[in-house]
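So you can see what is in the structure, the chains are spelled out below.
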Amino acid sequence: NSKIRKMKKGLTYLLVVGLTTFFSYNLTIKYLPNFIYGVFHYKMKNDHNINDNELKFYNLPSDKSKVVVMPNPDFLYVVSFYDLRNGPLNLTGKMPDSTYWSISFYKSNTINWYVKNDKEFKDNHLNIVLSKSTVDLDLNSSTIIKSPDEKGVILIRILIEKKDEESIKFYKSIQKSISLKKIL
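Here the focus is the sheet that holds strand 6 (residues 125-131). Strand order in the open sheet made by the four strands is 7-6-3-9, with mixed pairing throughout. For this open sheet the edge positions go to strand 7 (143-146) and strand 9 (179-182), each flanked by a neighbour on one side alone. The average angle at which neighbouring strand axes cross in this sheet is 25°, direction not considered. Where strand 6 and strand 7 come together, four bridges link them in parallel fashion. Following the sheet pairing, I128 is matched in strand 7 by T143.

The structure is reproduced here in structure tokens:
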């Protein structure tokens, strides 16, 4: 009888540990990242006035900057929350040809699903169509990217090697040339 009780107790313990591990894992992997995105989206929308499908242009960060986690003080940042429920978006701009720049897309669960830098583009003209599907899109000279999610984040970084006023002004004008528009 005591052996059976010990076996039942051991099996109950294993079942509780197994179920706790299963639910903790699923909660952490499936729900926590979406919760983090939701909080980040809410704070950026309310604190920094960033609406979906609108670009926000940031100055060179300082050690006090908290918008981007651990910001690099050598980069200008462009950020947008995208929402493809109302159709595809066209991201365009004239990017610098003499310094590093990159574009990254993140899903709403914070997973980075696309990264490309200046060396991987054939020229410095950014022309990307972001869509839920590539069906019925016939857009000349655009790179069509199929998003795995309807919602996510776009992050563009532009390196500023020289911090003199003229260089900063030049790269800020390039930064401001970037646009995000809904395709009708």
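Further remarks concern the packing of aromatic side chains. Here the structure, examined in full by the defined rule, presents 11 aromatic pairs. Geometrically, the ring pair formed by W113 and Y114 is tilted, given 6.0 Å between the ring centres and 55° between the ring planes. Through a chain of ring-to-ring contacts, the aromatic side chains of Y82, F105, W113 and Y114 assemble into a single cluster. Over the ring of F121 we find K116; its NZ or CZ atom is 4.6 Å from the centre of that ring.

Moving on, we come to the nonpolar core. Counting 25 residues, the largest nonpolar core has L91, I103, F105, I154, I156 and I158 as its most contacted members. When residues of this core are traced back to their parent elements, those giving at least two are strand 2 (75-83), strand 3 (89-94), strand 4 (101-107), strand 6, strand 8 (151-159) and helix 2 (165-176). Aside from chain neighbours lying at most four places away, what touches I156 is L76, Y77, V78, L91, M95, S102, I103, L126 and I178. Among the nonpolar cores identified, the runner-up in size contains 11 residues, and I50, F75, V79 and L159 belong to it.

With that out of the way, let us pick up the pairing of strand 2. Here strand 2 lies mainly inside the structure; nine of its nine residues are buried. Bridge analysis of strand 2 against strand 8 gives nine bridges, and the strand direction is antiparallel. Across the sheet, the residue bridging to Y77 is R157, located in strand 8.

What follows concerns the sheet that holds strand 5 (residues 112-117). In a beta sheet, neighbouring strands pair by backbone hydrogen bonds and run either parallel or antiparallel. Read from one edge to the other, the open sheet built from five strands follows the order 1-2-8-4-5, with strand pairing classed as antiparallel. The open sheet has two edge strands, strand 1 (56-58) and strand 5, and neither has a second partner. Strand-to-strand, the axes of this sheet are offset by a mean angle of 15°, without reference to chain direction. Examined bridge by bridge, strand 4 and strand 8 share seven bridges and lie antiparallel to one another. Paired with S104 across the strands is L155, a residue of strand 8. Contacts from helix 1 (residues 2-48) reach strand 1, strand 2 and strand 8 within the one sheet, and its direction differs from that of strand 2 by about 110°.

Relative to the helices and strands, L180 is located in strand 9. For L180, a relative accessible area of 12% gives the class buried. Linking L180 and L55, residues 125 residues apart in sequence, is a C-alpha distance of 6.7 Å. Apart from residues lying up to four places away in sequence, L180 is in contact with N53, E54, L55, S80, L89, N90, L91 and I154.

All right, on to the side chain of S102 then. By the element assignment, S102 lies in strand 4. In this structure S102 comes out as buried when scored by relative accessible area, which is 2%. When sequence neighbours within four positions are dropped, the list of residues in contact with S102 reads K116, N117, L155, I156 and R157.

The next thing to look at is the pairing of strand 4. Among the seven residues that make up strand 4, six are buried, leaving the element largely enclosed by the rest of the structure. For strand 4 and strand 5, the ladder comprises five bridges, and the chain directions are antiparallel. The residue bridging S104 from the neighbouring strand is V115, located in strand 5. Between strand 4 and strand 5, which follow one another and run antiparallel, lie four residues, and T110 among them has a positive phi close to 75°.

What counts and how
- Sequence order sets the numbering: in each chain, residues are counted from 1 along the sequence as written.
- Whole-chain, interface and lining totals are the exception, using all residues; otherwise, since this is a predicted model, local features are given only for residues with pLDDT of at least 70 and side-chain atom pairs are given and counted only at 80 or more.
- As a rule here, side-chain values come from all non-hydrogen atoms in the structure, and water together with hydrogens is ignored.
- One bridge is not enough; two strands pair if DSSP finds at least two bridges between them.
- Only DSSP runs of H or I reaching four residues or more are called helices, and only runs of E reaching two or more are called strands; each is numbered from the N terminus.
- Note on definitions: angles span 0 to 180 degrees between N-to-C directions of axes, and those axes are lines fitted to C-alpha atoms, for helices only across the stretch in contact.
- Aromatic pairs are defined between Phe, Tyr and Trp rings, using the six-membered ring for Trp, whenever the two ring centres lie within 6.5 Å; interplanar angles under 30 degrees are classed as stacked, those over 60 as edge-to-face, and all others as tilted.
- We count a charge as sitting over a ring when the NZ of a lysine or the CZ of an arginine lies within 6 Å of the ring centre and within 35 degrees of the ring normal.
- By convention a nonpolar core is built from buried Ala, Val, Leu, Ile, Met, Phe, Trp, Tyr and Cys residues, the set being connected through side-chain atoms within 4.5 Å.
- Exposure categories follow from relative accessible area, calculated using a 1.4 Å probe and restricted to protein chains: below 20% of the type maximum is buried, above 50% is exposed, and the middle band is partly exposed.
- The contact definition used throughout considers only heavy atoms, calling two residues in contact when any of these lie within 4.5 Å.

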